[in-house]
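Examining the three-dimensional arrangement
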Amino acid sequence: MDLTGKCGFDALTHAVSRARTRREALTLLGKGLLGVAVGSTTTLAVASFAMAEDCIVEYPPADLDNCPNKRHHPGASPSVNGCGPANSVDLVPDNFGPVNFAPGCDAHDRCYGTCNSDKAVCDADMADAMRLACTNQWGDSIATWPLLAACYRVADTYHVAVAVGGGSAFEEAQKEDCECCHPVQPTAVYCFCNDTCYPDAGSCTASCKASLGCFTGICEPATAEQCAS
């Protein structure tokens, strides 16, 4: 549904912008979008939020701890950059001698950037991949054991680095791939043609036998007073 160009939306836009909390803004937005569905004069378009299914979609999430029904955002894909940090000077080598750690680091990036991943599992899988690369290069013979042990120590150092210091990178990667689906609370609808409160817009318009449009006088989100009787 194209929500633009049909009705004025300045009033609700200003109301949402003045909301004191994100939950209050979502509540206002949900009511505004319901107003569109039932023919109110209020319409709202906000880039970060969109109506989908029976929820308000938020992307990217402002707070992963307040992100209900967290799921993959269509079109998002994790980025990889080897073993160094993204968007900064890369001083972390991808190799230990002939051993290439980059595939394990890239898999770690993809794991971080997959919505609902477990950070500890991502970190452990990276360490396992690095240690396997060490073993594939030097085996486990006595002759190569010093090189293998040194390679293991490097792999373990990388693991400790991401386990201890990778929290912010994990959070940012999750925000790039996840969207929130905030449930829309059921809102009663008041029908002006017969001064009656209905549980949804369909019941209202079925009783009024009126087509919906961008004008007032048919039905709108009800107030507590209108549904009190």
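The preceding data block contains the structure.
None of the values given here were measured: they were computed from a predicted structure.

Three- or four-residue spacings in an α-helix give side chains the same orientation, since the helix completes a turn every 3.6 residues. Every buried residue of helix 3 (residues 102-112) is accounted for by Ala102, Gly104, Cys105, Asp106, His108, Asp109 and Tyr112. Against the buried residues of helix 3 lie strand 5 (99-100), helix 4 (119-138), helix 5 (145-165) and helix 6 (167-177).

So, about unusual backbone geometry. Residue Tyr59 is joined to Pro60 through a cis peptide bond whose omega torsion reads -5 degrees. Within the chain, Asn69 stands out as a residue other than glycine whose phi angle is a positive 55 degrees. Note that Asn69 resides in the loop between strand 2 (55-58) and strand 3 (71-72).

Scanning the model with the defined rule gives 3 aromatic pairs in all. When the ring of Tyr112 is compared with that of Phe170, the centres are 5.1 Å apart and the planes differ by 80 degrees; the resulting orientation is edge-to-face. Of this pair, Tyr112 sits in helix 3 while Phe170 sits in helix 6, placing them 58 residues apart in sequence. Taking the ring centre of Tyr152 as reference, the NZ or CZ of Arg131 above it sits at 3.9 Å.

Reading across from one edge, 8-7-9 is the order of the 3 strands in this open sheet, with antiparallel pairing throughout. Lying at the two open borders of the sheet, with one neighbouring strand each, are strand 8 (196-198) and strand 9 (219-221). Strand-to-strand twist of the sheet, defined as the mean angle between neighbouring strand axes without regard to direction, takes the value 30 degrees. With respect to the sheet, helix 7 (residues 201-208) is in contact with strand 7 (189-191), strand 8 and strand 9, its orientation differing from that of strand 7 by roughly 10 degrees.

This model, assessed by the stated rule, comprises 5 disulfides. In this model Cys111 forms its disulfide with Cys122; the gap between the sulfur atoms is 2.0 Å. Here the S-S torsion is close to -75 degrees, and the disulfide linking Cys111 with Cys122 is therefore left-handed. Of this pair, Cys111 sits in helix 3 while Cys122 sits in helix 4; the two residues are 11 residues apart in sequence, bridging distant segments of the chain. Accessibility expressed as a relative area gives 2% for Cys122, which makes it buried. Across a sulfur-sulfur distance of 2.1 Å, Cys115 and Cys178 are joined as a disulfide pair. As the torsion about the S-S bond is roughly 120 degrees, the Cys115-Cys178 disulfide counts as right-handed. One end of the pair, Cys115, is in the loop between helix 3 and helix 4; the other, Cys178, is in strand 6 (residues 178-183), and 63 residues separate them in sequence. The two residues Cys115 and Cys178 agree in class, both being buried.

On to the packing of helix 4 against helix 5. Between helix 4 and helix 5, the least distance of the axes is 9 Å, while the angle of their chain directions is 165 degrees. As far as their axial angle goes, helix 5 and helix 4 are roughly antiparallel. Of the two elements, helix 4 crosses helix 5, and the hand of that crossing is right-handed. Residue-level contacts link Lys119, Asp123, Ala124, Met126, Ala127, Met130, Arg131, Cys134, Thr135 and Trp138 of helix 4 to Leu147, Leu148, Cys151, Tyr152, Ala155, Asp156, Tyr158, His159, Val162 and Ala163 of helix 5. For the contact of helix 4 with helix 5, the residue count by class is 14 nonpolar, 2 polar and 4 charged.

Reading guide: rules and limits
Residues numbered from 1 in each chain as written. Predicted model: local features only at pLDDT ≥ 70, side-chain atom pairs only at ≥ 80, totals over all residues. Heavy atoms only, no water. Buried < 20%, exposed > 50% of the residue type's maximum accessible area, 1.4 Å probe, protein only. Helix = DSSP H or I, 4+ residues; strand = E, 2+ residues; numbered from the N terminus. Contact = heavy atoms within 4.5 Å. Phe/Tyr/Trp six-rings, centres within 6.5 Å; stacked < 30°, edge-to-face > 60°. Lys NZ or Arg CZ within 6 Å of the ring centre and 35° of its normal. Pairing = 2+ DSSP bridges. Axes fitted to C-alpha atoms, helices over the stretch in contact; angles between N-to-C directions. Disulfide = S-S within 2.5 Å. Parallel < 35°, antiparallel > 145°, perpendicular 65-115°, else oblique. Left-handed = near helix turned anticlockwise from the far one by under 90°. Nonpolar A, V, L, I, M, F, W, Y, C, P; charged D, E, K, R; others polar.

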